[in-house]
2 protein chains.
Amino acid sequence: MTISTRGRYALRVMAELAEHGNEFIPLKSVAERQNISQKYLESIMTGLSKAGLVEGAHGKGGGYRLCRAPEDYKVREILEITEGELAPVACLKKEAPTCEMAERCRTLPMWRELYKTLNDFFDSYTVADLVSGSEEDKGSWII
Amino acid sequence: MTISTRGRYALRVMAELAEHGNEFIPLKSVAERQNISQKYLESIMTGLSKAGLVEGAHGKGGGYRLCRAPEDYKVREILEITEGELAPVACLKKEAPTCEMAERCRTLPMWRELYKTLNDFFDSYTVADLVSGSEEDKGSWII
DNA sequence: CTTTTTACCTACCAATCTGATATGTTGGTA
DNA sequence: TACCAACATATCAGATTGGTAGGTAAAAAG
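A quick note: this is a predicted structure, and the numbers were derived from the prediction, not measured.

A. Quick peek at the packing of aromatic side chains. According to the stated counting rule, one finds eight aromatic pairs over all chains in the structure shown. The interplanar angle of 45° and the centroid separation of 5.3 Å between the aromatic rings of Phe121(A) and Tyr125(A) together place this pair among those described as tilted. Across the pair, exposure class does not vary: Phe121(A) and Tyr125(A) are buried alike. Between Tyr9(B) and Tyr40(B), the aromatic rings sit 5.9 Å apart at their centres with planes inclined by 80°, giving edge-to-face as the arrangement. Here the residue Tyr9(B) occupies a position in helix H1 (residues 5-19), and Tyr40(B) occupies one in helix H3 (residues 38-50), the gap between them amounting to 31 residues. Aromatic ring contacts, followed pair by pair, group Trp111(A), Phe121(B), Phe122(B) and Tyr125(B) into a single cluster.

B. Molecular detail of the protein's contact with DNA strand C. Close to DNA strand C lie 23 residues; Glu42(A), Tyr64(A), Ser37(B), Lys39(B) and Gly59(B) are nearest. A share of 62% of the atoms of DNA strand C within 4 Å of the protein falls on sugar and phosphate groups. At 2.2 Å from a phosphate oxygen of DNA strand C is found a side-chain nitrogen or oxygen belonging to Tyr64(A). Gly59(B) has a polar backbone atom sitting 2.8 Å from a base nitrogen of DNA strand C. Among the secondary structure elements, those contributing two or more residues to the surface near DNA strand C are helix H3 (38-50) and strand E2 (63-66) of chain A together with H1 and H3 of chain B. Broken down by element, the residue count for the surface near DNA strand C peaks at five residues, all from H3(A). Of the residues belonging to the surface near DNA strand C, the class tally is seven nonpolar, 10 polar and six charged.

C. Representation of the relation of the copies chain A and chain B. Laying chain A over chain B is done by rotating through 180° and shifting 0.0 Å along the axis; what remains is an RMSD of 0.0 Å. Given the turn and translation reported, the copies of this chain are related as if by a two-fold rotation axis. Minimal C-alpha distance to the rotation axis in chain A is attained by Met1(A), lying at 2.3 Å. Taken together, the interface assignments show that 98% of the residues at the interface of chain A recur at the interface of chain B, consistent with an identical surface on both copies.

D. View of the environment of Trp111(A). Residue position: Trp111(A) is located in helix H5 (residues 108-123). Look past the residues within four positions of Trp111(A) in its chain and what remains in contact with it is Pro88(A), Val89(A), Leu92(A), Ile3(B), Arg8(B), Leu11(B), Leu79(B) and Phe122(B).

E. Quick peek at the protein's contact with DNA strand D. The environment of DNA strand D is formed by 22 residues, the closest being Ser4(A), Ser37(A), Lys39(A), Glu42(B) and Tyr64(B). Backbone atoms, meaning sugar and phosphate, make up 61% of the atoms of DNA strand D lying within 4 Å of the protein. In the environment of DNA strand D, a base nitrogen lies 2.7 Å from a nitrogen or oxygen atom belonging to the side chain of Glu42(B). Here Gly59(B) contributes a backbone N or O atom positioned 3.5 Å from a sugar or linking oxygen of DNA strand D. Sorting the residues of the surface near DNA strand D by element identifies helix H1 (5-19) and H3 of chain A together with H3 and strand E2 (63-66) of chain B as the ones contributing at least two each. With five residues, the top contributor of residues to the surface near DNA strand D is H3(B). Of the residues in the surface near DNA strand D, the class split is seven nonpolar, 10 polar and five charged.

F. Just the interface of chain A and chain B, in detail. Listed by partner, the interface residues are 42 residues for chain A and 41 residues for chain B. When chain A packs against chain B, close to 3500 Å² is buried across both sides, 68% of that on carbon and sulfur atoms. The largest contributions to the chain A side of the interface with chain B come from Met1(A), Arg106(A) and Met110(A), which together make up 25% of the buried area. The tally of links from chain A across to chain B stands at two salt bridges. Note that Glu19(B) is salt-bridged to Arg106(A), the shortest N-O span being 2.8 Å. The interface formed by chain A and chain B holds six residue pairs in polar contact (both at pLDDT 80 or more) in total. At the level of elements, H1, helix H2 (27-34), helix H4 (75-83), H5 and helix H6 (127-139) of chain A are the ones that each hand at least two residues to the side of chain A that touches chain B. Of the residues forming the side of chain A that touches chain B, the biggest block, nine residues, is contributed by H5(A). Residues of the side of chain A that touches chain B, tallied by class, amount to 24 nonpolar, six polar and 12 charged.

Rules used in this analysis
- Residues numbered from 1 in each chain as written.
- Chains lettered and ligands numbered in written order.
- Predicted model: local features only at pLDDT ≥ 70, side-chain atom pairs only at ≥ 80, totals over all residues.
- Heavy atoms only, no water.
- Phe/Tyr/Trp six-rings, centres within 6.5 Å; stacked < 30°, edge-to-face > 60°.
- Buried < 20%, exposed > 50% of the residue type's maximum accessible area, 1.4 Å probe, protein only.
- Helix = DSSP H or I, 4+ residues; strand = E, 2+ residues; numbered from the N terminus.
- Near = heavy atom within 4 Å.
- Polar contact = N/O pair within 3.5 Å; in protein donor to acceptor, adjacent residues only side chain to side chain.
- Nonpolar A, V, L, I, M, F, W, Y, C, P; charged D, E, K, R; others polar.
- Least-squares fit on C-alpha atoms with pLDDT ≥ 70 in both.
- Contact = heavy atoms within 4.5 Å.
- Buried area = accessible area lost by both parts, 1.4 Å probe.
- Salt bridge = Lys/Arg side-chain N within 4 Å of Asp/Glu carboxyl O.

Right, here's the structure in full:
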């Protein structure tokens, strides 16, 4: 029942790109700041680039930047690209063979409800929320 | 982001035990009805037995039965025994080393919120709900 | 045109988890 | 004594996780 590092790192990079506006940010600097393997990050960002969430630029002054405004990226979209479907049980995945016990399964209704809860949760967060959320936290002890 | 078969099977067995009241039910019959490997079920039920959720009886007429009323088993309790902690990210687990980036982590607040959402969700379901839920479903198409 | 910088591509790998199977032993019932 | 069923322990194939290694392609700077 865990989100792997792929999805977690992807969100952290997206948040960092959001903070830098329109600039291209090289992964080298992100990897150093966040203490993540650069090569591993590359494999994650390639997926986001192919999906059209970020734009990559080669050469000096290159790197990655967002294609949309931070508030237009739902966390769910990013996680689905990096982690695959967020179905909490195997039998709810699209590629799963239809279970012949589905109609008399005592737990399936609960799993469906959980799936909905998860999707709603991740739809309610955007990349902009990630950035501003932690900014608020920074100052929250000052009253 | 999935619950494994261990937790799912455990819930289905608990629901079946609940339906049979005070009787001891042998795993052989459960395994046949639910089309699950009996030996695999044994390893799952041993954990629940050690944790005091079910009572096992040897010999003919033996099997497993619940120790409490079905409405006194929260789904969360059963899942935590079979699956371990339900923390959605590794860094929220108790045994995890405290992350030195925690204070400036842009995503941690969201994960904490998700953890709470999951715990609330699984606290809101009991074994009694699993049983009665599917009973309702059975009749729901008759109006 | 060469060097540097960066994304992008392909292959591999060790460790761990998943979902079992196999082979018993212990304890209780008929 | 025969049988049944929980309980115990070892093993295992396949997938997933979290990377590493070693390159190619494109763009900018000199």
